[in-house]
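Each chain, written out:
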Amino acid sequence: MLVHEPPETRESLLIQLRDAGNRESWFEFAAIYRPMVYRMARRRGLQDADAQDLAQRVLLSVAGSISEWKSDSERGRFRSWLARVARNAIIDTFRREKPDAAQGGSTIMQQLTQEPVPADDELEHEHRREVFRWAAKQVRWEFEDSTWIAFWLTTVKGKATSEVAEELGKSVGSIYTAKSRVMKRLQEKVQEHS
Amino acid sequence: MSVDSQQCDPTRIACFLEGELPLDALTELQRHLDSCTSCQTQLDDSTATVAMWQSAAESLHDESIDMESISTVLTRGEADELAKHVTDDGVRRVVELLAPTDDPQMLGRIGSYEIAGVTGSGGNGIVLKAHDPALNRYVAIKVLAPHLASSGAARQRFAREAQAAAAVVHENVIAIHGVAESQGMPYLVMPYERGQSLQRRIDDNGPLGLIEILRIGLQMASGLAAAHSQGPSSQRIFFWPTESNA
Ligand SMILES: [Zn+2]
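Quick caveat: nothing in here was measured; it's all calculated off a predicted structure.

**Observations regarding the packing of helix H9 (residues 172-193) of chain A against helix H2 (residues 23-33) of chain B**
Two numbers describe how H9(A) lies on H2(B): the axes approach to 6 Å, and their chain directions differ by 110 degrees. With respect to their mutual orientation, H9(A) and H2(B) come out roughly perpendicular. In terms of crossing hand, the pair formed by H9(A) and H2(B) is right-handed. Contacts from A:Val172, A:Gly173, A:Ser174, A:Tyr176 and A:Thr177 in H9(A) reach B:Leu26, B:Leu29, B:Gln30 and B:Leu33 in H2(B). Looking at the contact of H9(A) with H2(B) residue by residue, the class counts come to five nonpolar, four polar and no charged.

**Looking at the coordination of the zinc ion**
All names here are of chain B. For the zinc ion, every protein donor is listed as Cys8 (SG), His32 (NE2), Cys36 (SG) and Cys39 (SG), and the spread of their distances is 2.0 to 2.3 Å. Here the zinc ion binds four donor atoms, and the angle range of 99 to 116 degrees at the metal identifies the geometry as tetrahedral. Here the donor residues for the zinc ion map to a single chain with the spacing C-x23-H-x3-C-x2-C. Exposure class is identical for Cys36 and Cys39. Each is buried.

**What about the pairing of strand S3 (residues 125-132) of chain B?**
All names here are of chain B. Here S3 lies mainly inside the structure; seven of its eight residues are buried. Summarising the sheet, S3 and strand S4 (residues 137-144) pair through eight bridges and their orientation is antiparallel. Along S4, the bridge assignment pairs Val127 with Lys142. Taking the residues that link successive antiparallel strands as the turn, the S3-S4 hairpin has four residues, and the phi of Asn136 there is positive, at about 50 degrees.

**So, H9(A)**
With 22 residues, H9(A) should reach 32 Å at 1.5 Å per residue; the first-to-last C-alpha distance of 32 Å fits that figure. By the criterion of burial, H9(A) is predominantly enclosed, with 16 of the 22 residues buried.

**Things to note about the pattern of salt bridges**
All names here are of chain A. With the rule as written, the count across this model stands at 15 salt bridges over all chains. Here Glu167 ties to Lys159 by a salt bridge, and the two come within 3.0 Å at their closest N and O atoms. Assessed through its relative accessible area of 46%, Glu167 is described here as partly exposed. Using a relative accessible area of 28% as the deciding quantity, one classes Lys159 as partly exposed. Ionic pairing is found between Glu192 and Lys189, a salt bridge with its closest N-O pair at 3.2 Å. With a gap of three residues between them, Glu192 and Lys189 both fall in helix H9, about one helical turn apart.

**What about the pairing of strand S6 (residues 185-191) of chain B?**
Residue and element names in this part refer to chain B. A large share of S6 lies buried, amounting to six of its seven residues. Across five bridges, S4 lies against S6 in antiparallel orientation. Across the sheet, residue Val143 finds its bridge partner in S6, namely Tyr187.

Parameters and conventions
In every chain, residue numbers begin from 1 and rise along the written sequence. Here every chain gets a letter starting at A, and every ligand a number starting at 1, in the order they are written. This being a predicted model, a pLDDT of at least 70 is required before a residue's local features are given, and a value of 80 or more before pairs of side-chain atoms are given or counted; all residues contribute to the totals for chains, interfaces and linings. Neither water nor hydrogens contribute to the side-chain values; these are computed over all heavy atoms in the structure. Working convention: axes come from line fits to C-alpha atoms, limited for helices to the stretch in contact. Angles between N-to-C directions cover 0 to 180 degrees. Numbering goes from the N terminus for both helices and strands, where a helix is a DSSP run of H or I of at least four residues and a strand is a run of E of at least two. Relative orientations are named as follows: roughly parallel for angles under 35 degrees, roughly antiparallel for angles over 145 degrees, roughly perpendicular for angles from 65 to 115 degrees, and oblique for any other angle. Crossing chirality is assigned from the near helix's rotation relative to the far helix, an anticlockwise turn below a right angle marking it left-handed and a clockwise turn marking it right-handed. Any two residues whose heavy atoms approach within 4.5 Å are treated as being in contact. Classification convention: Asp, Glu, Lys, Arg as charged; Ala, Val, Leu, Ile, Met, Phe, Trp, Tyr, Cys, Pro as nonpolar; all other residues, Gly among them, as polar. Donor criterion used throughout: N, O or S atom within 2.8 Å of the metal, extended to 3.2 Å for Na, K and Ca. Water excluded; incomplete-looking sites may result. A site with four donors is called tetrahedral when every donor-metal-donor angle falls between 85 and 135 degrees; four donors are called square planar, and six octahedral, when opposite donors sit more than 155 degrees apart and all other angles fall between 65 and 115; any other arrangement is irregular. In this scheme, a residue with accessible area under 20% of its type's maximum is buried, one over 50% is exposed, and one in between is partly exposed, where area comes from a 1.4 Å probe on protein chains only. DSSP-based pairing: two strands are paired if at least 2 bridges between them are found. Take the residue count of a helix, subtract one, and multiply by 1.5 Å to get its expected span. Whenever Lys or Arg places a side-chain nitrogen within 4 Å of a carboxyl oxygen from Asp or Glu, that contact is recorded as a salt bridge.

So this is what it looks like as structure tokens:
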């Protein structure tokens, strides 16, 4: 059963986020945390719909806390405040999810190898991962397809440069410069966020 | 072949990374990188640390979970259908309806937004690139096509579309910053993405390659799945192709 975000929640959320910079931070936050929580839930054996639901609940729980955010606080702190609230919401939601997850088809192996409630290092690792994925989507369109594909095949898929050069009909040297340009920009975007 | 391409030159790599290498020098550098393994390594190392490269690879590698439940793929005909334009006449009429602006660089104003240009038109609306002076950033504004603006049903659909898109937070559905009306034109404010619209891509680059069609198809299916999961009212949503998974 999916829990839908009630319209009034969203409305009050947007009212509380009158500061457009904070609103931007919220969208960025949701874009990173929703898939992050979804992934952690799937890894614990939850089915697609249940994992989506759990991610939604975490976001709603964080959204519900936004009224506690003091808007007179220092600007730019909203993001780190969100991260703190999200950590607690995630731990809380997963703790409550525990009995359901066992029924929801998780194998004994998964239960044994995966702590039900995420620890800080897992959260940190997953967050970093999701920031990379978010950053990749942000910068993707700044590059020609061939440049991006050169980066993707070499760096992400781990193919040999010479192989990729042949596949794309490009020189080895141009593959090196292409993946370097993408990586540099990706790194900038990731650092911009953290 | 010039002597330059035969010699290792760390300054040239530094210049390249700063984006300051002229085109002919870039060609020389690429030719040199074809065979010089020491410069290949140096370029990799100057671009990012080993840990950073690994982090990127590890973070971006596993797409399997995202793609698991998606099986729909768009045919070429469907992609074309998706990209159909409304007439340029619609664009002209929207531009005529803009409020005057003091900025000679701009076409006009909608609310407090300065309109810099038209980035596309399609479906039921026209997309404008606009500058938000309060935040000093660009946004995309989608205006309901003028020939539809007088139809109550079309306006309602446009509003529902906005609500549906605003209710869905998904990477392939555009986030909505706000909905408002100006000079009788309903409009949505969305984040401005640097990407070309699908139609522009087809116009500029010819027919989409197979990889592109598959990629856009997957994104549409995944965006639709997210919208569908929000309830049956989400009939129309915005698509914005994101990263290539090729
Ligand atoms: Zn060299």
